[in-house]
Amino acid sequence: MSAFLKAIKNSVLIGDGAMGTMLVKSGLPSGECPELWMLSHPEELKNIHRSYLEAGARVLQTNTFGANRLKLAEYQAAAKVKEINLTAARLVRQVVQDRAFVAGIVGPTGQFPAPLGDVEWTELVEVFKEQCQALEEGGVDFIFLETFSDLGEIRAALFAAKNYTALPVACSLTYTHGRTLTGTTPAIAARVLSPLGADLIGANCSTGPRELLDIMREYRAATALPLLVEPNAGMPELIDGEPVYNETPESFATYVESFRQTGVNLIASCCGSTPAYTRAMTEALQSAVPVAATPVPAVTHLASRSRIVTLGAPHPPVIIGERLNPAARSIIAKAFHEQNWGVITAEGFAQTEAGAALLDLNVSVPGLPETELMKHGVRHLQKSLDIPLSLDSTLPEVLEAGLQEFQGRALINSINGEEKSWSTILPLAKKYGAAVLALCLDENGIPEKAEGRLAIARKLVDHALETGLSKEDILIDCLVLTAAASPELSMETIRALSLIKEELGVATVLGLSNISYGLPQRSWLNAAFLALALGAGLDAPIANPSDARIAETVAAAALLAGRDEGAANYLAKAGKPSAQQAGADKASPASATLDDLGGLILNGNAERVIPMLQILLQQYDILEIINKAITPTLGKIGDLFASGEVFLPQLIMSGEAAKSAFTYLKKQFPENALAQKGTVVIGTVRGDIHDIGKNIVAALLENHGYRVIDLGKNIPGEKFVEAALQEKAQIVGLSALMTTTMVEMEPIIRMLKEADKQIKVIVGGAVVTPEFARKIQADGYGKDAVEAVRLVDSLLYNAAAK
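Residues numbered from 1 in each chain as written. Predicted model: local features only at pLDDT ≥ 70, side-chain atom pairs only at ≥ 80, totals over all residues. Heavy atoms only, no water.

Participant: Looking at this model, I keep getting lost on the confidence of the model for the protein. Mind explaining?
Facilitator: As a note on interpretation, predicted positions should not be read in detail where pLDDT is low. On average, residues of the protein score 91 in pLDDT, and 96% of them reach the 70 mark or higher. Low pLDDT, under 50, characterises residues 577-589; the predicted model gives this stretch 22 contacts beyond four residues in sequence or across chains. (pLDDT = per-residue confidence, 0-100. Contact = heavy atoms within 4.5 Å.)

Participant: It is not clear to me how the sheet that holds strand S16 (residues 411-415) should be interpreted in this structure. Could you clarify?
Facilitator: The parallel closed barrel is built from eight strands, whose spatial order is S13-S14-S15-S16-S17-S18-S19-S20. Each strand axis lies, on average, 25° off the axis of its neighbour in the sheet, ignoring direction. Looking at chain direction, strand S19 (residues 507-511) and strand S20 (residues 540-543) are connected through three bridges and run parallel. Bridging from a neighbouring strand, Val 509 pairs with Ala 540 of S20. (Pairing = 2+ DSSP bridges. Helix = DSSP H or I, 4+ residues; strand = E, 2+ residues; numbered from the N terminus. Axes fitted to C-alpha atoms, helices over the stretch in contact; angles between N-to-C directions.)

Participant: Would you explain the side chain of Ser 206 in this entry?
Facilitator: With respect to the helices and strands, Ser 206 occurs in the loop between strand S6 (200-205) and helix H10 (209-222). Taking relative accessible area as the criterion, Ser 206 reaches 16% and is therefore assigned buried. Within the structure, the side chain of Ser 206 is placed 3.0 Å from the side chain of Thr 174, a separation counted as a polar contact. Within the local environment of Ser 206, its side chain forms a polar contact with the backbone oxygen of Asn 204, the two atoms lying 2.9 Å apart. Apart from the residues within four sequence positions on either side, Ser 206 is in contact with Leu 173, Thr 174, Tyr 175, Leu 212 and Asn 232. (Buried < 20%, exposed > 50% of the residue type's maximum accessible area, 1.4 Å probe, protein only. Polar contact = N/O pair within 3.5 Å; in protein donor to acceptor, adjacent residues only side chain to side chain.)

Participant: Could you clarify how one ought to interpret a nonpolar patch on the surface in this entry?
Facilitator: On the surface, Leu 559, Tyr 570 and Leu 571 cluster together to form a nonpolar patch covering roughly 260 Å² of accessible area. In this structure, Tyr 570 sits in helix H23 (residues 568-574). (Patch = residues over 30% accessible without salt bridge, like charges linked within 9 Å, V, L, I, M, F, W, Y side chains within 5 Å. Areas by Shrake-Rupley, 256 points an atom, 1.4 Å probe, with all protein chains shown as cover. Salt bridge = Lys/Arg side-chain N within 4 Å of Asp/Glu carboxyl O.)

Participant: Looking at this model, I keep getting lost on empty space enclosed by the protein. Mind explaining?
Facilitator: Applying the stated criterion to the full structure yields two cavities of 30 Å³ or more. In this structure, the largest cavity occupies an estimated 110 Å³ of space. Breaking the lining of the largest cavity down by element, the ones donating at least two residues are helix H16 (370-384) and helix H27 (648-668). The residue makeup of the lining of the largest cavity, split by class, is three nonpolar, seven polar and three charged. The calculated volume of the second largest cavity comes to roughly 30 Å³. Forming the boundary of the second largest cavity are Pro 209, Pro 231, Phe 252, Tyr 255, Val 256, Phe 259, Ile 267, Ala 268 and Met 281. (1 Å grid on protein atoms, 1.4 Å probe; cavity = no way out; pocket = protein on both sides within 12 Å on 5 of 7 lines; lining within 4 Å. Points joined across faces, edges and corners; volume = space filled by probe spheres on them. Nonpolar A, V, L, I, M, F, W, Y, C, P; charged D, E, K, R; others polar.)

Participant: Even after reading the chapter, I still don't get unusual backbone geometry, so can you show me in this structure?
Facilitator: Put simply, Ala 114 and Pro 115 share a cis peptide bond, and its omega is 15°. With respect to the helices and strands, the residue Pro 115 is situated in the loop between strand S3 (101-106) and helix H7 (121-138). Between Ala 313 and the following residue, Pro 314, the backbone shows a cis peptide bond with an omega angle of 10°. As for its placement among the helices and strands, Pro 314 is situated in the loop between strand S12 (308-311) and strand S13 (320-324). A positive phi angle, near 55°, is found at Gln 339, a position not held by glycine. Note that Gln 339 resides in the loop between helix H14 (330-338) and helix H15 (341-354). Here Gln 339 falls in the partly exposed class, since its relative accessible area comes to 45%.

Participant: How do you make sense of the pairing of S12 when you look at a structure like this?
Facilitator: Successive residues of a regular strand alternate their side chains across the two faces of the sheet. Relative to S12, strand S11 (residues 300-303) is paired through four bridges, and the arrangement is antiparallel. Bridge assignment links Leu 302 to a residue of S12, and that residue is Val 309.

Participant: Please clarify how helix H26 (residues 622-642) should be interpreted in this entry.
Facilitator: Residue pairs three or four apart in sequence face the same way in an α-helix, which turns once every 3.6 residues. The end-to-end C-alpha distance of H26, which contains 21 residues, comes to 29 Å, matching closely the 30 Å that a straight helix rising 1.5 Å per residue would cover. Within H26 the residues assigned to the buried category are Ile 622, Ile 625, Ile 626, Ala 629, Ile 630, Thr 633, Leu 634, Ile 637, Gly 638, Leu 640 and Phe 641. Positive phi appears at Gly 644, one or two residues downstream of H26, with a value of about 80°. (Expected span 1.5 Å × (residues − 1).)

Participant: I keep staring at helix H21 (residues 522-535) and nothing clicks. Help me out?
Facilitator: Here H21 is 14 residues long and its end C-alpha atoms lie 20 Å apart, about the 20 Å a rise of 1.5 Å per residue gives. Looking only at H21, the buried set comprises Ser 523, Asn 526, Ala 527, Phe 529, Leu 530, Ala 533 and Leu 534. Where H21 is buried, its residues contact helix H20 (490-503), S19, S20 and helix H22 (548-560). In the segment just after H21, Gly 537 is the residue with positive phi, at about 110°.

Participant: Even after reading the chapter, I still don't get the packing of H14 against H15, so can you show me in this structure?
Facilitator: For any two helices packed against each other, one specifies the crossing angle of their axes together with the interaxial distance. Running from amino to carboxyl end, H14 crosses H15 at an angle of 140°, the nearest separation of the two axes being 8 Å. Here H15 runs oblique to H14, going by the angle between their axes. Across the interface between the two elements, Ile 331, Ile 332, Ala 335 and Phe 336 from H14 touch Trp 341, Val 343, Ile 344 and Glu 347 from H15. A per-class count over the contact of H14 with H15 returns seven nonpolar, no polar and one charged. (Parallel < 35°, antiparallel > 145°, perpendicular 65-115°, else oblique.)

Here it is as structure tokens:
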């Protein structure tokens, strides 16, 4: 164990504070790259580190937040990754010697991995690998992944740090209203990143200390890992032209003991802080003894970006949807042959709506490249659906392709007792932080007796533990044989379930439909056998969730087995109509409704939008389709996003589906009045190179029918004015993420109003507030992308009304 990990597990450490704030105080010019400036101003950096060390910090961070290839390319400095990271690490080490630990800071690239963005996950791994290895060579004590807003990207960074360095790794995400930008909660982050190898986990930036206290409590309930927190010095406001944060060093420090009592081991500060905050925290720390974590219940967790599924008592059993299987369903095989991902995602939607908590994805089609099918299958499903996946293959290369694509915690289906199976696939599970489904069979087949299946299960659990997995990472399938051939063996499966639960205490799964193969009224047998299996401790049947008997049996058995607290699931199921088979089994309907189109857009099913429009155009006028289906649906998805019921991936998918509809209608009816609603010029102000939020706003505006001129980032005021006049824009949107750049907004607004009083200016960004917007006389403030679109709609509507 490293010296840093020993220290963090045995004591509470105070870390340093904001680097950007101190760089500006030290003379960093507006708009200049902090990492490049460091190369020519090493003494200024050493002075900053020295001031934090003297204030009591025992963890100091390198000035490398944006020192990755993709970020540095914006300054034509992509070739300087190694030089910058080595220099930054050595400067801190020269100051601290052995008096403090050095954290090698790795920040986000500013890009989402596919399918949300254009960069491949494997490319991100290479980008982070390059930076992490340079920091390790420079002598840092641990890698600190900081201010990430997307689970997929931090997963790539963690994978790179754990697989290509020998250093401990800390993971820190940033939260708004309890979730990251792409919908991840602290509990999901903990349960995805912990099995992938995170050594510390927590949150930074986001808001002030009061808000992050609740985030840390949620982390502590989900993981026993050491925790870290770095709140901002509150929220900024502009006073005499300067951003001032509303937490003083003294008020900030009052939260230190609360963080320690919550179980936080590393307490530092973020935006707006100075060495005065570090000194106040050091003085406020009443004890360096950490509070021991409460043991976390030993159950199995699987997760997507924004949904977690728990298997094991006392939690209710869950259904794993079985219908994405080309061997059992010709329509799925045909879809894979034709690369018709609309059919695949539609079937996924149908199973999810019917009650599946996970989806099993099998891509084995003779003659087709399984690795590519798995990659694209996972990509399309997680782009459209918020549900964990079970990757169904015995081929390591196919599984690895799926594990790289899935930005959560997947289930591998499956391994068995043959050495060539478990010896190749268990290491993959460890490498990618996945759980594994293990089958009770080996080179001798499936044992007839329950004791034989228990023996194989025990062997596989032992191998998993030897690989570095835990019992919570392995699920056992006792295997079901068809009752038509061996009815007497059915109860051996039930007995094996009971034995495995009693002896091994692991989660259990059964592929249910085998029991009825070759017999009539299969649903009867499936439901009856399922009831027996649930009574024996089954946690997850692999079944058809659209079979009403299956869903009803799961709900009833969970209640009777004491796995449905307050009968909540049973009562919900009892009040819900039985799910009907829908989606992929249907041929293109001969008729459709506006509600059908709205449903496709709401679910982000862009592949099926155009066929639906072709049918609707035979029944409805084009403007009726827009006004009664597309526009109201965009409003609905906006409301769902605002209320936290859907998240950024679903919002983007819905917008893309609407954009497909608009684009098709415009091409089909060029003479119709489908002109864009207006022109918006948008950009990030001078000195600010952050653009994720701005890019999302631009995409949503386009999807809502606006012509968008995206100027990019680090844009001077003159360019905003020039573009607005040249493009005859009605609206200009200004974005800023830093307090040092938000001050650029007021002079730009003044310049625009002097050029054309009719131009409306809206502002937004992480540090911007409604009060600030009013103070600088902006025409509106958008707290997020949805509000920005509504604001543009409102401004243009009011202008037209006049």
